[in-house]
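# Observations on the model geometry
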Amino acid sequence: MPPPPGLNGATGLYSGEEVLFVFLIDPAGWKDIGDEAFVPVYFAWNNEVGRRSLGIQAF
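What this report covers is the structure whose coordinates are included nearby. These figures come from a predicted structure and were not determined experimentally.

### Considering the packing of aromatic side chains
Evaluation of the coordinates by the stated rule reveals 4 aromatic pairs. Seen in terms of ring centroids, phenylalanine 43 and tryptophan 45 are 5.5 Å apart; in terms of plane orientation they differ by 35 degrees. Their pairing is tilted. Relative accessible area serves as the criterion here: at 18%, tryptophan 45 is assigned to the buried category. In this structure an aromatic cluster arises from ring pairing among Tyr14, Phe21, Phe23, Phe43 and Trp45.

### Re the sheet that holds strand 6 (residues 54-58)
Taken together, the 4 strands give an open sheet; going across it, the order is 1-2-5-6, and neighbouring strands pair in antiparallel fashion. Taken across any chain shown, the strands that pair with only one partner, and hence form the sheet edges, are strand 1 (13-15) and strand 6. Strand after strand, the sheet turns through a mean of 5 degrees between neighbouring axes, direction not considered. Of the pairings in the sheet, the one linking strand 1 to strand 2 (residues 19-25) comprises 3 bridges and is antiparallel in character. Its bridge partner lying in strand 2, leucine 13 is registered against valine 22.

### Details of the environment of valine 39
One can find valine 39 in the loop between strand 4 (36-38) and strand 5 (41-47). A relative accessible area of 19% means that valine 39 is categorised as buried. When the C-alpha positions of valine 39 and alanine 28 are compared, they lie 8.1 Å apart, and in sequence the two are 11 residues distant. Beyond its immediate chain neighbours, meaning those up to four positions away, valine 39 contacts Ile25, Asp26, Pro27, Gly29, Trp30 and Phe59.

### Looking at the environment of tyrosine 42
Mapped onto the elements of the fold, tyrosine 42 is located in strand 5. Exposure remark for tyrosine 42: the relative accessible area of 40% places this residue in the partly exposed category. In sequence terms tyrosine 42 and phenylalanine 59 are 17 residues apart; their C-alpha atoms lie 6.6 Å from each other. Apart from residues no more than four positions distant in its own chain, tyrosine 42 is found in contact with Val22, Phe23, Leu24, Gln57 and Ala58.

Reading guide: rules and limits
- Residues numbered from 1 in each chain as written.
- Predicted model: local features only at pLDDT ≥ 70, side-chain atom pairs only at ≥ 80, totals over all residues.
- Heavy atoms only, no water.
- Phe/Tyr/Trp six-rings, centres within 6.5 Å; stacked < 30°, edge-to-face > 60°.
- Buried < 20%, exposed > 50% of the residue type's maximum accessible area, 1.4 Å probe, protein only.
- Pairing = 2+ DSSP bridges.
- Helix = DSSP H or I, 4+ residues; strand = E, 2+ residues; numbered from the N terminus.
- Axes fitted to C-alpha atoms, helices over the stretch in contact; angles between N-to-C directions.
- Contact = heavy atoms within 4.5 Å.

That is the geometry; function is a separate question.
Following this line, the structure appears as C-alpha cells:
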C-alpha cells in the first residue's frame, strides 16, 4: 500500500549524494495524553561522511 500523500506531494524521503533521510509519521497512531494529541514519528538517516553513519530516532 503506498504511503498517504504528504504536503505538496512530499513523501518524507530525501536522498542526496552522500546522505539519506527518511521521516515517517503514522497518521493512524494518534494518542491522547492529557489535553494533547501525539503521533508516533520515526526519523532514520544514513550518512557516508561525518560522525554518525547510520541512525534512527523515534519520538
